[in-house]
Amino acid sequence: MRLSELTHPNQLHGLSTDELEDVACQIRERHLQVVSTSGGHLGPGLGVVELTLALYQTLDLDKDRVVWDVGHQAYPHKLITGRFERFDTLRQQHGVAGYLKRSESPFDHFGAGHASTSISAALGMAMARDRKGENFKCVAVIGDGALTGGMALEAINHAGHLPKTPLLVVLNDNDMSISPPVGALSTYLNRIRHSPPLQFLTDSVEESVKNLPFMGGELPEDLKSLKGSMRRLAVPKMGAVFEELGFSYIGPIDGHDIDLMVRTFEMAHKAEGPVLVHVCTTKGKGYPYAEADQVGYHAQSSFDLTTGKSKPSKGPKPPSYSKVFGQTLVKLCQEDSTVVGITAAMATGTGLDLLQKSVPDQYVDVGIAEQHAVTLAGGMACEGLKPVVAIYSTFLQRAYDQLIHDIGIQNLPVTFVLDRAGIVGADGPTHQGQYDISYLRAVPNFTVMAPKDEAELQRMLVTCIDHNGPCALRIPRGSGEGVPIMEEGWKPLELGIGEVISEGGDLLIVGYGSMVSPAIETSKLLAEQGIRSTVINARFLRPLDQSLINPLAGKIGKVVTMEEGAIAGGFGSAVLESFADENIHVPTLRIGIPDKLVDHASPQQSKEQLGLTPNKMASTIINYFSFNQAKNIINSTHEKELEQKLS
């Protein structure tokens with residue numbers, strides 16, 4: 001079977017173990033070839049190749065449902081569900097998505113880019129199936145890292161209460177999340193990983209007892225409890241926990257032994273209630289560099305397959321905002337032992353890996369548990385610590401109630417650094433940081449800010465930590481502006497005070513955060529057309545610098561707001577509300593992300609499509625305010641005056 005000929009996973013049915021192993025080799029080859037060329041997630045998919053093939057041997061994907069947690073482990077799934085030919089467009093504009101999308105394939109039964117959702121979704125499908133009297137299998141595939149998320153445990157708690165609802169949960173245990181997992185669950189899984197596998201003991205016992213001559217082929221009711229007791233004695237400690245929660249536990253089994261997994265999944269499908277199959281895999285399996293560095297090869301930009309080394313960039317770049325934040329926080333922690341950095345399993349992505357290495361006693365990783373991270377920080381703040389919680393904008397959405405209930409209402413001094421705020425690129429709609437401006441505006445007692453560059457980021461971080469109340473600081477993905485940064489001695493900013501960058505009487509441009517630099521570039525393009533702009537770096541969303549913005553708006557009479565976030569309820573809306581409160585009526589153009597999902601593409605491609613580049617914004621501004629028309633009228637008047645003088 002050639003992988004290129006696979007258009008439907010049911011074509012795998014009937015293949016021998018040797019044939020499936022050959023397909024597995026082809027999947028790894030294609031996976032490595034594409035990711036090494038264009039970048040993407042590497043280790044997660046390489047680790048589940050055999051698991052995917054074995055599972056799909058036991059399912060009919062025309063009717064059965066499979067929900068992959070997060071989705072970046074589902075590249076093998078994509079390759080055997082009709083996307084082989086287009087796989088080299090992975091994570092590119094108009095190409096194959098890096099995560100699962102229901103709109104992309106009928107085999108993507110549930111979309112996901114955030115962790116810990118799979119069991120809930122699969123259980124919902126199973127309950128709908130039973131209510132409608134239908135007959136198909138429902139499977140959730142979840143990693144051990146995602147199992148640390150509270151939502152996964154909530155779903156397990158619910159499923160275990162439904163003993164007549166068939167549901168298969170496959171625990172893909174590779175002892176890794178993006179980074180090594182943390183917590184008691186991880187410790188227990190590590191113990192069980194090194195325990196002898198549970199052969200189907202209770203089934204063997206039941207068959208043996210039923211076959212005794214005096215049993216008549218049936219297991220008496222008074223022996224059924226003995227069956228459960230014997231199973232619990234045989235199941236390792238972690239498995240016993242699942243058993244007590246209402247699941248039948250099978251494992252641990254070798255996640256790279258196709259034959260063993262096929263037999264195990266077939267057995268699991270026969271159960272009448274929820275079953276958990278514990279499968280042990282190696283992240284990055286089949287590529288030595290990825291196996292050796294499971295953190296570094298979780299996801300990669302383009303790299304050399306032979307050496308495993310990243311391909312050099314075209315030229316030197318300024319340090320990323322995440323790195324500048326991490327370096328600054330390290331220095332602040334060294335100076336003040338009450339400052340603590342908190343991450344939710346994203347140390348490398350947020351720059352907190354620098355803190356982990358330099359000041360480990362002031363570093364906390366809570367696992368994939370954003371809600372817990374927020375309220376944990378609140379508890380620390382109550383006792384005099386200064387917690388700094390670094391979470392991607394898109395992931396902080398998962399803890400919105402905690403922001404309001406546990407931090408905002410109680411006015412606790414917790415700093416939130418929202419990494420990846422704005423357009424993030426190839427990860428697509430599930431990861432765009434486009435909503436935080438809108439969702440933070442309404443949270444009581446919060447001070448909300450965004451820097452125009454990496455130097456201002458340093459001052460804002462100090463401002464947040466010094467402030468006796470909750471603060472949120474949003475930073476974009478990628479490199480900074482290349483401005484000089486300081487090693488120490490940062491001075492806090494005055495709360496709610498913006499900055500005038502340039503002055504002009506034709507137009508007022510108010511930029512927020514990452515849009516200040518494009519606002520400056522836009523003003524230069526407008527100046528070439530004779531349009532002079534005043535450009536403001538707002539700095540603060542809450543409190544908004546009304547004493548600076550509003551008088552200038554009334555004086556100039558034309559206003560543009562620029563933000564790298566959703567227009568609905570965003571920064572521009574805050575400015576308009578301020579105008580309304582002070583009875584200021586001036587034409588105002590809000591530029592930002594419209595009410596639409598931003599699909600996967602490079603950040604630059606997305607910004608071009610959304611009209612957020614200086615060229616596009618200058619054109620929009622000229623058309624909106626009819627500047628060309630006004631210019632033509634002026635020119636026409638001058639021409640008539642000149643003609644009269646000449647005559």
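The notes below deal with the structure included here. No experiment lies behind these values; they were computed from the predicted model shown.

## Comments concerning the packing of aromatic side chains
The full count for this structure, using the stated rule, is 8 aromatic pairs. Each ring, one from Tyr-392 and one from Phe-395, has its centre 5.4 Å from the other, and the planes form 10°; the classification is stacked. For Phe-395, a relative accessible area of 10% corresponds to the buried category. By way of ring pairs, the aromatic residues Tyr-624, Phe-625 and Phe-627 are connected into one cluster.

## So, the side chain of Thr-148
Within the element layout of this structure, Thr-148 appears in the loop between β3 (138-143) and α6 (150-159). A polar contact of 3.2 Å, which involves the side chain of Thr-148, links it to the backbone nitrogen of Ile-368.

## Quick look at the packing of helix α1 (residues 17-38) against helix α3 (residues 49-57)
In contact at an axis separation of 9 Å, α1 and α3 are set at 135° when each is read in the N-to-C sense. Taken together, the axes of α1 and α3 lie oblique to each other. Remark: the crossing between α1 and α3 carries right-handed chirality. Packed against α1, whose contacting residues are Leu-20, Val-23, Ala-24, Ile-27 and Arg-28, the element α3 presents Val-49, Glu-50, Leu-53 and Gln-57 at the interface.

## Quick look at the pairing of strand β18 (residues 559-566)
With 8 of its 8 residues buried, β18 lies for the most part within the structure. Here β18 pairs with strand β19 (residues 588-593) via 5 bridges, running parallel. Across the sheet, Met-562 pairs through a bridge with Ile-591, a residue of β19. Where the polypeptide runs from β18 across helix α23 (residues 571-581) and back to β19, its parallel neighbour, the crossover connection is right-handed.

## With respect to unusual backbone geometry
The omega torsion of the bond from Gly-251 to Pro-252 falls at -5°, within 30 degrees of zero and hence cis. For Pro-252, the position within the fold is in strand β5 (residues 248-254). Going from Arg-542 to Pro-543, the amide bond is cis rather than trans, its omega being -5°. Residue position: Pro-543 is located in the loop between β17 (540-542) and α22 (546-556). Unusually for a residue other than glycine, Arg-420 sits at a positive phi of about 55°. A positive phi angle, near 65°, is found at Arg-539, a position not held by glycine. For Arg-539, the location among the structural elements is in the loop between β16 (533-537) and β17.

## Looking at α3
Summarising burial for α3: 9 of the 9 residues are buried, a large majority. When α3 is considered as a whole, its buried residues turn out to be Val-49, Glu-50, Leu-51, Thr-52, Leu-53, Ala-54, Leu-55, Tyr-56 and Gln-57.

## Notes on the environment of Ser-606
Tracing the sequence through the fold places Ser-606 in helix α24 (residues 603-610). For Ser-606, a relative accessible area of 2% translates into the label buried. Considering only alpha carbons, one finds Ser-606 and Gln-93, 513 residues apart in sequence, at a separation of 8.6 Å. The residues contacting Ser-606, other than those within four sequence positions of it, are Ile-423, Val-598, Asp-599 and Ala-601.

## Points about the pattern of salt bridges
In this structure the tally under the stated criterion is 25 salt bridges. For Glu-104, the salt bridge identified is with Lys-78, shortest N-O distance 2.8 Å. With a gap of 26 residues between them, Glu-104 in the loop between α4 (75-79) and α5 (118-131) and Lys-78 in helix α4 connect regions that are remote in the sequence. Among the residues examined, Glu-104 registers a relative accessible area of 23% and is labelled partly exposed. Among the residues examined, Lys-78 registers a relative accessible area of 0% and is labelled buried. Of the charged contacts, one joins Glu-499 and Arg-539 as a salt bridge, the two residues approaching to 3.6 Å between their closest N and O atoms. Taken together, the residues Glu-499 in strand β14 (residues 499-502) and Arg-539 in the loop between β16 and β17 connect sequence positions 40 residues apart. Overall, Glu-499 belongs to the partly exposed group, its relative accessible area being 23%. Judged by relative accessible area, which is 12%, Arg-539 ranks as buried.

The rules behind each value
Residues numbered from 1 in each chain as written. Predicted model: local features only at pLDDT ≥ 70, side-chain atom pairs only at ≥ 80, totals over all residues. Heavy atoms only, no water. Phe/Tyr/Trp six-rings, centres within 6.5 Å; stacked < 30°, edge-to-face > 60°. Buried < 20%, exposed > 50% of the residue type's maximum accessible area, 1.4 Å probe, protein only. Helix = DSSP H or I, 4+ residues; strand = E, 2+ residues; numbered from the N terminus. Polar contact = N/O pair within 3.5 Å; in protein donor to acceptor, adjacent residues only side chain to side chain. Axes fitted to C-alpha atoms, helices over the stretch in contact; angles between N-to-C directions. Parallel < 35°, antiparallel > 145°, perpendicular 65-115°, else oblique. Left-handed = near helix turned anticlockwise from the far one by under 90°. Contact = heavy atoms within 4.5 Å. Pairing = 2+ DSSP bridges. Right-handed = clockwise from strand over helix to strand, strands pointing away. Salt bridge = Lys/Arg side-chain N within 4 Å of Asp/Glu carboxyl O.

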